[in-house]
Amino acid sequence: MDIKDIVKEENLVYSKTNLMTNNVLSYCPGCGHGTAHRIIMEVIDELGLQSQTIGVAPVGCSVLAYDFMNIDMIQAAHGRAPAVATGLKRTMPDKCIFTYQGDGDLAAIGTAETIHVCNRGEDITMFFINNGIYGMTGGQMAPTTLEGMKTATSPYGRDLKKMGNPLKITELIAQLPGTYYVTRQAVHTPAAVRKTKKAVFKAFEVQKEKKGISFVEIVSNCNSGWKLPPVKANQWMVEHMFPFYPMGDIKVDGHLVNSNKAEVKS
Amino acid sequence: MGELKLMKGNEAIAEAAIRAGVDAYFGYPITPQSEVIEYLMAEQPENRTGMVVLQAESELAAINMVYGAAAAGKKVFTSSSSPGISLYQEGISYIAGAELPCVIANVVRGGPGLGTIQPSQADYFQSTKGGGHGDYRLYVLAPSSVQEMADFIQLGFDIAYKYRNPVMIQSDGMIGQMMEKVELADQRPRWTDEEIKQMHDSWAAFGKGDHRERNIITSLDLDSSKQEKHNHHLQAKYRKMEENEVLFEEINCEDADYLIVAYGSSARISMKSVDLARAKGIKVGLFRPITLYPFPMKQLNAYVGKVKAILSVEMSAGQLIEDVKLAVECNIPVKHFGRYGGMIHSPEEVLTALENLIKGE
Ligand SMILES: Cc1ncc(C[n+]2csc(CCOP(=O)(O)OP(=O)(O)O)c2C)c(N)n1
Ligand code: SF4
Ligand SMILES: [Mg+2]
């Protein structure tokens, strides 16, 4: 059998996402960023929103998202994407605006912008790539780094007494009246990808209805920062990240789902 | 003739922004310029023109809201005062790097640190030499009256869009707080989406149509050779501004033996000092830079061989004086005078400084 026998319409299981450019991804092989990009672009394509959408990607490994996403894009300063998105949405209320931020970006340097954009309930969608580390700068500790996790700036493991606790920013913003849909997903298996895609659809629908913030956290791997090969990194993520950052919806239609109500009280 | 009103400088600049057809104002309260956002909130321009006014959670957020709206080709105005402008610097550097037009007003107060809420001109370096990181320049206008506070809004936007560059209006607590008669321009309509598309489709990020490639607003280029090229492009733009956009005023300079160089409030005060000196028979003129960047280098240099000495007057410990010295290339003796830390010099104090200069003290 040669290649011509294989490349046939009926054998097609997947084709390049329309709204991804032909530029070679700058991400490490196996990194979740690329998959997350693809899902978001697929949904924008399927909703026919290309001409209506402006994405904001601040500093982090995804700072070059504009090289890959074939829509109008704005590169923002570290942590400031929510403010940039506010400027866009307030002056163009009918356009579709999203941010795409890392955990260092969204939960450390940009915490104030994150909380206030959520508290104002701006009609934007936020994608939050939580890999528990600063990928871009070489694997330093992030606010989301787990207890005991080794990074370049916690070489003996994160010591909670010295370095503070991992921050569940997503649960935190879910408490604010300005957030309408808050969910935590992953992209490490086909099943997870399908669920994430559904969440992304929902998030953009919420924005269209102008109900406030739609927020999709994607717990993702950072093979380079975690110093693990891709498959092992995903295993490590399932075993260590998921128990602390549990998968699923946190707030739907403006209401906290039950498990999260309980967690907040305890 | 436009509508005449008695207004504070801060109110005049806010009203002028509405009338200039500005799309959005983002800001954060700080004395002595909070009247700008207070006026806008009370005026509810969303009902007059559709202009958006939003109080941000910080200056960091405010300047990045400006960045976002300006990226879409919208006319954006913001204002703050010194400590807030310090927080703006990161955003200003990004705005300059990404070549976005906007107008930023700094109603300067005394520093450093929390300083004082009284007027000062100690942010000259920050405005003209790049307070943020990287090789960039702002076009800096220095109003010396409430009228100019209002007029420089439209002028500022004209320049901002002509060069796709941020414009700074640097006044101070005196100009911001004092009341004067001001003639207001007639209301200009805001640009429609269609107009923005026609004018800014080549660069602005308001949604990619099928007819063009995606627009990217960024200041990043990891390829240093490209970043250098971008820097060359920025520098060429600044040289063009230096060539074409210098503004200044000369008062009683034709027969002058001595010059006072002063801008903004200090120029206002020094005008009186010139009168006092002239009454005493001292032939002194006032040279007022209206653009602090580009500085009127050639225009001031023209006094080489004509005047004996220059007194550089500013409400700071000596920032303007560096540009004055650069302009005259050490061919005229230049001395500094100024009160600072929130203190305002009197016309008499300036006169005494001038007399001391003449005596060679
Ligand atoms: C003001 C500022 N401080 C620090 C940096 C350096 N920096 C770049 S990316 C980054 C961390 C990014 O981590 P995260 O947001 O988690 O994104 P990731 O790379 O992990 O996807 C830092 C600290 C910067 N660019 N700007
Ligand atoms: S450093 Fe980590 S987050 Fe960045 S591309 Fe590589 S694997 Fe992905
Ligand atoms: Mg990260």
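All residue numbers refer to positions counted from 1 along the written sequence of the respective chain. Chains and ligands are labelled by the order in which they are written, letters from A for the one and numbers from 1 for the other. Local features in this predicted model are restricted to residues of pLDDT 70 or higher, and side-chain atom pairs are both shown and tallied only at a pLDDT of 80 or more, whereas totals for entire chains, interfaces and linings draw on every residue. By convention in this description, side-chain values take in all heavy atoms of the structure and omit both hydrogens and water.

Asker: Got a minute to help me understand the sheet that holds strand 9 (residues 216-217) of chain B in this structure?
Answerer: Consider a sheet: its strands pair through backbone hydrogen bonds, and that pairing is either parallel or antiparallel. A pair of strands is treated as paired once DSSP finds two or more bridges between them. Secondary structure elements are defined from DSSP: runs of H or I of at least 4 residues count as helices, runs of E of at least 2 residues count as strands, and each element is numbered from the N terminus. Here we have nine strands laid out as an open sheet, ordered 10(A)-9(A)-7(A)-8(A)-4(A)-3(A)-1(A)-2(A)-9(B), and mixed in their pairing. Each having just a single partner strand, strand 10 (255-256) of chain A together with strand 9 of chain B make up the two edges of the open sheet. Sheet topology note: the strand 1 (residues 53-57) of chain A/strand 3 (residues 96-102) of chain A ladder contains four bridges and is parallel. By the bridge assignment, A:Thr53 is partnered in strand 3 of chain A with A:Cys96. Against the sheet, helix 9 (residues 190-208) of chain A touches strand 3, strand 4 (125-130), strand 7 (179-186), strand 8 (213-219) and strand 9 (248-252) of chain A, its axis set at about 165° to strand 7 of chain A. For this analysis, residues touch if any pair of their heavy atoms sits within 4.5 Å. Only the contacting stretch of a helix is used when fitting its axis, a line to C-alpha atoms as for every element, and angles between N-to-C directions run 0 to 180 degrees. Sitting on the sheet, helix 4 (residues 59-71) of chain B is in contact with strand 2 (72-75) of chain A together with strand 9 of chain B, with an inclination near 155° to strand 2 of chain A.

Asker: Looking at this model, I keep getting lost on empty space enclosed by the protein. Mind explaining?
Answerer: Gaps left between atoms are located by rolling a probe of water-molecule size over the structure's atoms. All names here are of chain B. Detection works on a 1 Å grid of protein atoms alone, calling trapped sets that fit a 1.4 Å probe cavities and calling open sets with protein on both sides within 12 Å along at least five of seven lines pockets, with lining residues defined by an atom within 4 Å of a point. Grid points are joined across faces, edges and corners, and a volume is the space filled by probe spheres set on the points. Tallied over the full model, the rule gives one cavity of 30 Å³ or more. Its boundaries defined by the atoms lining it, the largest cavity holds a volume of some 30 Å³. If you trace the largest cavity, you find it lined by Ser 120, Gln 121, Pro 143, Gln 170, Ser 171, Asp 172, Tyr 263, Gly 264 and Ser 265. For the lining of the largest cavity, the secondary structure elements donating two or more residues are strand 7 (166-172) and helix 11 (264-279). If you tally residues by element for the lining of the largest cavity, the top one is strand 7, at three residues.

Asker: What should I look at first to understand the confidence of the model for chain B in this one?
Answerer: Where the model shows low pLDDT, its predicted coordinates should not be examined in detail. Known as pLDDT, the predictor's confidence for each residue is given on a scale from 0 to 100. In this model, chain B carries a mean pLDDT of 97, and residues with pLDDT of at least 70 account for 100%. The complex model carries a pTM of 0.96, and its ipTM stands at 0.96.

Asker: Would you take a moment to explain the coordination of the magnesium ion (ligand 3) for this structure?
Answerer: Residues and elements named next belong to chain A. Donor atoms are limited to N, O and S found within 2.8 Å of the metal ion, a distance that becomes 3.2 Å for Na, K and Ca. With water left out, some sites might look partial. The coordination sphere of the magnesium ion (ligand 3) contains the protein donors Asp 103 (OD), Asn 131 (OD1) and Ile 133 (O), at a distance range of 2.0 to 2.2 Å. The sequence pattern formed by the donor residues of the magnesium ion (ligand 3) is D-x27-N-x1-I. Summarising the burial analysis for this pair, Asn 131 and Ile 133 share the class buried. Buried residues are those whose accessible area, probed at 1.4 Å on protein chains only, stays under 20% of the maximum for their type, while exposed residues exceed 50% and partly exposed ones sit between those limits.

Asker: It is not clear to me how the packing of aromatic side chains should be interpreted in this structure. Could you clarify?
Answerer: The description of two aromatic rings rests on the distance between their centres and on the angle between their planes. Note on aromatic contacts: the rings of Phe and Tyr and the six-membered ring of Trp form a pair at centre separations within 6.5 Å, being stacked when their planes are under 30 degrees apart, edge-to-face when over 60 apart, and tilted otherwise. Evaluation of the coordinates by the stated rule reveals 13 aromatic pairs over all chains. A network of ring pairs unites the aromatic residues A:Phe98, A:Phe127 and A:Phe204 as a single cluster. Lying over the aromatic face of A:Phe244, A:Lys168 brings its terminal NZ or CZ to 4.4 Å of the ring centre. Counting as a charge over the ring demands two things of the Lys NZ or Arg CZ atom: a distance within 6 Å of the ring centre and an angle within 35 degrees of the ring normal. Sitting above the plane of the B:Phe157 ring, B:Lys75 keeps its charged end 5.9 Å from the centroid.

Asker: How should the domain arrangement of chain B be read in this particular structure?
Answerer: A common way to report how large an interface is uses the accessible area buried once the components associate. Residue and element names in this part refer to chain B. Domains are outlined according to an automatic or database domain assignment. The domain architecture assigned to chain B consists of domain 1 (3-184) and domain 2 (248-359). Taking only C-alpha atoms, the centre of domain 1 and the centre of domain 2 are 27 Å apart. With 29 residues of domain 1 in contact, the opposing surface of domain 2 contributes 26 residues. When the two sides are added together, the surface that domain 1 and domain 2 hide from each other amounts to roughly 2,300 Å², 54% of it contributed by carbon and sulfur. Buried surface area refers to the total accessible area, computed with a probe of radius 1.4 Å, that the two partners give up upon joining, counted for both partners together. Three residues, Gln 121, Tyr 124 and Phe 125, lead the burial of domain 1 against domain 2; their summed loss comes to 32% of the area buried on that side. For this analysis, a salt bridge means a side-chain nitrogen from Lys or Arg found within 4 Å of a carboxyl oxygen belonging to Asp or Glu. For the interface between domain 1 and domain 2, the tally reads three salt bridges.

Asker: Where do I start with the packing of helix 1 (residues 9-19) of chain B against helix 7 (residues 146-163) of chain B in this structure?
Answerer: Relative placement of two packed helices is described by the angle separating their axes and the distance separating the axes. Residue and element names in this part refer to chain B. At a closest axis distance of 8 Å, the pairing of helix 1 and helix 7 adopts a crossing angle of 25°. Classified by the interaxial angle, the pair formed by helix 1 and helix 7 is roughly parallel. Crossing of helix 1 against helix 7: the hand is right-handed. Across the interface between the two elements, Gly 9, Asn 10, Ala 12, Ile 13, Ala 16 and Ala 17 of helix 1 pack against Val 146, Met 149, Ala 150 and Ile 153 of helix 7. Residue polarity follows a fixed list, in which Ala, Val, Leu, Ile, Met, Phe, Trp, Tyr, Cys and Pro are nonpolar, Asp, Glu, Lys and Arg are charged, and the others, Gly among them, are polar. Of the residues that constitute the contact of helix 1 with helix 7, the class distribution is eight nonpolar, two polar and no charged. Any angle that falls under 35 degrees is termed roughly parallel, while one over 145 is termed roughly antiparallel, one within 65 to 115 roughly perpendicular, and all others oblique. Two helices cross in a left-handed way if the nearer one is turned anticlockwise from the farther one by less than a right angle. They cross in a right-handed way if the turn is clockwise.

Asker: It is not clear to me how the site of ligand 2 should be interpreted in this structure. Could you clarify?
Answerer: The environment of ligand 2 is formed by A:Tyr27, A:Cys28, A:Cys31, A:His33, A:Cys61, A:Asn131, A:Gly135, A:Cys222, A:Asn223 and A:Ser224. Split by residue class, the shell around ligand 2 holds five nonpolar, five polar and no charged. Residues are classed as near a molecule or strand on a simple rule: at least one heavy atom within 4 Å of it.

Asker: In this structure, what is going on with the site of ligand 1? I would like to understand it.
Answerer: For ligand 1, the set of nearby residues contains 17 residues, the closest of which are A:Cys61, A:Asp103, A:Gly104, A:Asp105 and A:Gly135. Site remark: ligand 1 is flanked by residues from chains A and B. N or O atoms closer than or at 3.5 Å make up a polar contact, with two conditions inside protein: a donor-capable atom paired with an acceptor-capable one, and, for residues adjacent in sequence, both atoms drawn from side chains. Between ligand 1 and A:Gly104, the relevant distance is 2.8 Å, taken from an oxygen atom to a main-chain nitrogen or oxygen of the residue. Only the protein chains shown count as cover for residues, and the accessible areas themselves come from Shrake-Rupley with a 1.4 Å probe. Protein chains bury 77% of the 590 Å² of accessible surface belonging to ligand 1 in isolation. No other element matches the four residues that helix 5 (residues 103-109) of chain A contributes to the shell around ligand 1. Split by residue class, the shell around ligand 1 holds six nonpolar, eight polar and three charged.

Asker: Please clarify how helix 13 (residues 320-328) of chain B should be interpreted in this entry.
Answerer: The periodicity of an α-helix, 3.6 residues per turn, causes residues three or four places apart in sequence to face the same way. All names here are of chain B. Within helix 13, the full set of buried residues consists of Leu 320, Ile 321, Asp 323, Val 324, Ala 327 and Val 328. Along helix 13, the residues classed as buried sweep out an arc of 160° about the axis, all on the same side. Residues of helix 13 that are buried sit in contact with helix 6 (124-128), strand 11 (258-261), strand 13 (291-293), helix 12 (297-301), strand 14 (309-313) and strand 15 (334-337). Immediately downstream of helix 13, the backbone of Glu 329 shows phi near 50°, a positive value. What the arc covers is the set of directions going from the helix axis to the C-beta atoms.

Asker: Can you help me understand the side chain of B:Asp23 in this one?
Answerer: Residue and element names in this part refer to chain B. Positionally, Asp 23 belongs in the loop between helix 1 and strand 2 (24-27). Only 2.8 Å separates the side chain of Asp 23 from the backbone nitrogen of Lys 75, close enough to count as a polar contact. One polar contact links Asp 23 to Arg 190, side chain to side chain, over a distance of 2.7 Å. Apart from the residues within four sequence positions on either side, Asp 23 is in contact with Gly 50, Met 51, Val 52, Lys 74, Lys 75 and Arg 190.

Asker: How should I be thinking about the environment of A:Ala108 in this particular structure?
Answerer: All names here are of chain A. Tracing the sequence through the fold places Ala 108 in helix 5. We classify Ala 108 as partly exposed; its relative accessible area is 28%. Put simply, Ala 108 and Tyr 27 are 81 residues apart on the chain and 22 Å apart in space, counted from C-alpha to C-alpha.

Asker: Please clarify how the interface of chain A and chain B should be interpreted in this entry.
Answerer: Contacts between chain A and chain B engage 36 residues on the former and 34 residues on the latter. For the pair chain A and chain B, the number of links is three salt bridges. As a salt-bridge pair, B:Glu90 and A:Arg80 come within 3.1 Å of each other at their nearest N and O atoms. For the side of chain A that touches chain B, the secondary-structure elements that each account for two or more residues are strand 1, helix 3 (65-68), strand 2, helix 4 (81-91) and helix 6 (111-120) of chain A.

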